[in-house]
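# Chain and residue survey
One letter stands for each residue in the lines below.
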Amino acid sequence: MNTRKIGAQREEQVCAYLLSAGVNIRERNFRCRQGEVDIIGYDGEYLVFFEVKYRSSSRKGSAAEAVGFAKQKKICRVSDYYRMIHQCREDTPIRFDVVAIDAEKITWIKNAFYYVLG
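These notes cover the structure that comes with them. (Residues numbered from 1 in each chain as written. Predicted model: local features only at pLDDT ≥ 70, side-chain atom pairs only at ≥ 80, totals over all residues. Heavy atoms only, no water.)

### Things to note about the overall build of the chain
Counting its regular elements, the chain contains two helices and five strands. Starting at the N terminus and walking to the C terminus, you meet the elements of the chain as α-β-β-β-α-β-β. Taken over C-alpha atoms, the radius of gyration comes to 14 Å for the chain, in line with the 13 Å a tight globule of 118 residues would show. Principal-axis analysis of the C-alpha atoms gives the chain an extent of 40 × 30 × 25 Å. Counting all 118 residues of the chain, 36% fall into the buried class. The contacts of the chain with a sequence gap of at least 6 include a subset with a gap of at least 24, amounting to 57%. With the model as given, the accessible surface of the chain reaches about 7200 Å², and the carbon-plus-sulfur share is 47%. (Helix = DSSP H or I, 4+ residues; strand = E, 2+ residues; numbered from the N terminus. Rg over C-alpha atoms; globule rule 2.2 N^0.38 Å. Buried < 20%, exposed > 50% of the residue type's maximum accessible area, 1.4 Å probe, protein only. Contact = heavy atoms within 4.5 Å. Areas by Shrake-Rupley, 256 points an atom, 1.4 Å probe, with all protein chains shown as cover.)

Right under this line is the structure:
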């Protein structure tokens, strides 16, 4: 199975997980010139930008470790654009979460990183 298909399956798995946790999913695979965010939704009052990472083994480190500074900057730029085109209020609380899947274990890391000006 190719990596794109595996990624799509894992994102489906994460969406089901987030929905069961009460997240209101608004967008999946939101793309713009600034980049891409896997899932965008509301967790309570927070507008959350989710990055999904999967690792079948720990050979290359954990899934969460794969969300480095450059990726964080890109997600933040996408969040700026998303909030602009959807006319989100300035005081809308936002959060950047990572949902990491290591082998079959799902870990939801809330506030995985802070907004990076980029």
